[in-house]
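Here is how the chains run, residue by residue.
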Amino acid sequence: EAENEISFFFPKEHTLAVIKPDTPEEHREEILKEIQARGFTISQLQETVLSREMAEEFYKEHQEKPFFSQLVDYMCRGPCTMLILTKENAVEEWRAMMGPTDPSKAKETAPESLRARFAKDILENTVHGSSNKQHAQEKIHFVFGEISSESEVVSAGEDEEPPP
Ligand code: GDP
């Protein structure tokens, strides 16, 4: 089948994306729409309230940072929207869509990015995305367990061309 031939040359990649707590509903909806408009498949979508222990584990790479406890407080303050995004080059493309960590920098260098538009400050910056394929695999496993190809919850935009 044509789809399979294309996947052979341009293998699809998964990344973990998170819409962080306290994101207003209208921003959340706009983010989900934009993800699909850019040609990602949302292979899994789940609302999860992280426990403190889970948030600490999720961000364990940052446990020595001065902002670690603030970060953990933020991440378990309310529901996170956990997403597995699937697309060729998904890890890099989702990072580009998010923009830099600090929204004041994002506004200068990537004004179209999600953080430039929606983030409150360097801590409450609306979205998370894995920084490399190894992390993506680890965090997807941590949040969702093994990916099952049978279990697409929401899927859209697969047959559409992403905007230029
Ligand atoms: P990311 O990959 O762009 O999310 O950035 P990092 O992995 O460096 O940081 C993880 C998260 O910690 C960020 O998304 C922010 O929520 C928070 N964070 C990062 N740097 C700072 C900082 O300097 N101060 C505070 N308060 N929070 C930060």
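Residues numbered from 1 in each chain as written. Predicted model: local features only at pLDDT ≥ 70, side-chain atom pairs only at ≥ 80, totals over all residues.

**Description of the nonpolar core**
As a reminder, the rule being used: Take the buried Ala, Val, Leu, Ile, Met, Phe, Trp, Tyr and Cys residues, join any whose C-beta atoms are within 7 Å, and the set you get is a nonpolar core. Exposure in this text rests on C-beta crowding, where 20 or more other C-beta atoms within 10 Å of a residue's own make it buried, 12 or fewer make it exposed, and counts in between make it partly exposed. The C-beta atoms are placed from the backbone. The secondary structure listing takes helices from DSSP runs of H or I that are at least 4 residues long and strands from runs of E that are at least 2 residues long, numbered from the N terminus. Our contact criterion uses C-beta atoms placed from the backbone: two residues qualify when those atoms are within 7 Å.
In terms of nonpolar packing, the biggest core is built from 29 residues, with Ala17, Val18, Leu85 and Trp94 touching the most fellow members. Of all the secondary-structure elements, those providing two or more residues to this core are strand E1 (13-19), helix H2 (25-37), helix H3 (52-58), helix H4 (68-75), strand E3 (80-87), helix H5 (90-98), helix H7 (114-118) and helix H8 (133-144). Beyond its immediate stretch of four places on either side in the chain, Ala17 contacts Leu83, Leu85, Trp94, Val127, His128 and Gly129.

**Structural notes on the site of the ligand**
Put simply, the test is: Here, nearness is defined through the C-beta atom: a residue counts as near a molecule or strand if that backbone-placed atom lies within 6 Å of it. Side-chain classes are defined by residue name, with Ala, Val, Leu, Ile, Met, Phe, Trp, Tyr, Cys and Pro counting as nonpolar, Asp, Glu, Lys and Arg as charged, and the others, Gly among them, as polar.
Neighbouring residues of the ligand: His62, Phe67, Gln70, Leu71, Thr101, Ile122, Leu123, Asn125, His128 and Ser131. In the shell around the ligand, the residues fall into four nonpolar, six polar and no charged.

**Let's talk about unusual backbone geometry**
What you tend to see is this: most non-glycine residues have negative phi, and most peptide bonds are trans. A positive phi angle, close to 70°, is found at Asp22, a residue other than glycine. Secondary-structure assignment places Asp22 in the loop between E1 and H2. Overall, Asp22 belongs to the partly exposed group, with 13 C-beta atoms counted inside 10 Å. The residue Asn89 is not glycine, and still its phi comes out positive at about 65°. As for its position among the elements, Asn89 is in the loop between E3 and H5. Take Asn89: there are 13 C-beta atoms within 10 Å of it, and that puts it in the partly exposed class.

**Details of the confidence of the model for the protein**
Stated formally: A score between 0 and 100, pLDDT records how confident the predictor is in each residue.
For the protein, the mean per-residue pLDDT works out to 89, and 84% of the residues sit at or above 70. In the predicted structure, residues 148-161 sits below a pLDDT of 50 and forms 17 contacts with residues beyond four places in sequence or in another chain. The complex model carries a pTM of 0.87, and its ipTM stands at 0.99.

**Section: the environment of Pro100**
In this fold, Pro100 is placed in the loop between H5 and helix H6 (103-109). In this structure the C-alpha to C-alpha distance between Pro100 and Asn125, which are 25 residues apart in sequence, comes to 9.4 Å. In this view, Pro100 contacts Lys105, Ala106, Thr109, Ala110 and Arg115; residues no more than four positions away in its chain are not counted.

**Focus on the sheet that holds strand E4 (residues 127-129)**
As a general point, the strands of a sheet are linked pairwise by backbone hydrogen bonds and lie either parallel or antiparallel. So the rule is basically this: In this description, strands pair whenever DSSP reports at least two bridges between them. What counts as an axis is a line fitted to C-alpha atoms, over the stretch in contact for a helix, and the angles between N-to-C directions run from 0 to 180 degrees.
Taken together, four strands build an open sheet; the order of strands is E2-E3-E1-E4 and the sheet is antiparallel. Of all strands in the sheet, those with a lone pairing partner are strand E2 (41-48) and E4, marking the two edges. Averaged over all adjacent pairs, the angle separating strand axes in this sheet is 20°, with direction ignored. On the sheet, H5 packs against E1, E3 and E4 and is oriented at approximately 30° with respect to E1. Each of E1, E2 and E3 is contacted by H8, which is oriented at about 60° to E1, the strand it contacts most.

**Structural notes on the UniProt feature "binding site: ATP" (unreviewed entry) in the protein**
Quick note on the threshold: UniProt positions are given in the numbering used here, feature names are shortened, and annotations may be inferred rather than shown by experiment.
Under the present numbering, the feature "binding site: ATP" (unreviewed entry) in UniProt falls on Lys20, Phe67, Arg95, Thr101, Arg115 and Asn125. Mapping Arg95 onto the fold places it in helix H5. Ignoring anything within four residues of it in the chain, the contact list for Arg95 reads Gly129 and Ser131. As for its placement among the helices and strands, Asn125 is situated in the loop between H7 and E4.

**Brief notes about the pairing of E1**
Across the seven residues of E1, six count as buried, placing the element largely inside the fold. In this structure, E1 lies alongside E3, joined through seven bridges in antiparallel fashion. Following the sheet pairing, Thr15 is matched in E3 by Leu85. Inspection of the sheet shows E1 paired to E4 by three bridges, in the antiparallel sense. Opposite Val18, over in E4, you have His128 as the bridge partner.

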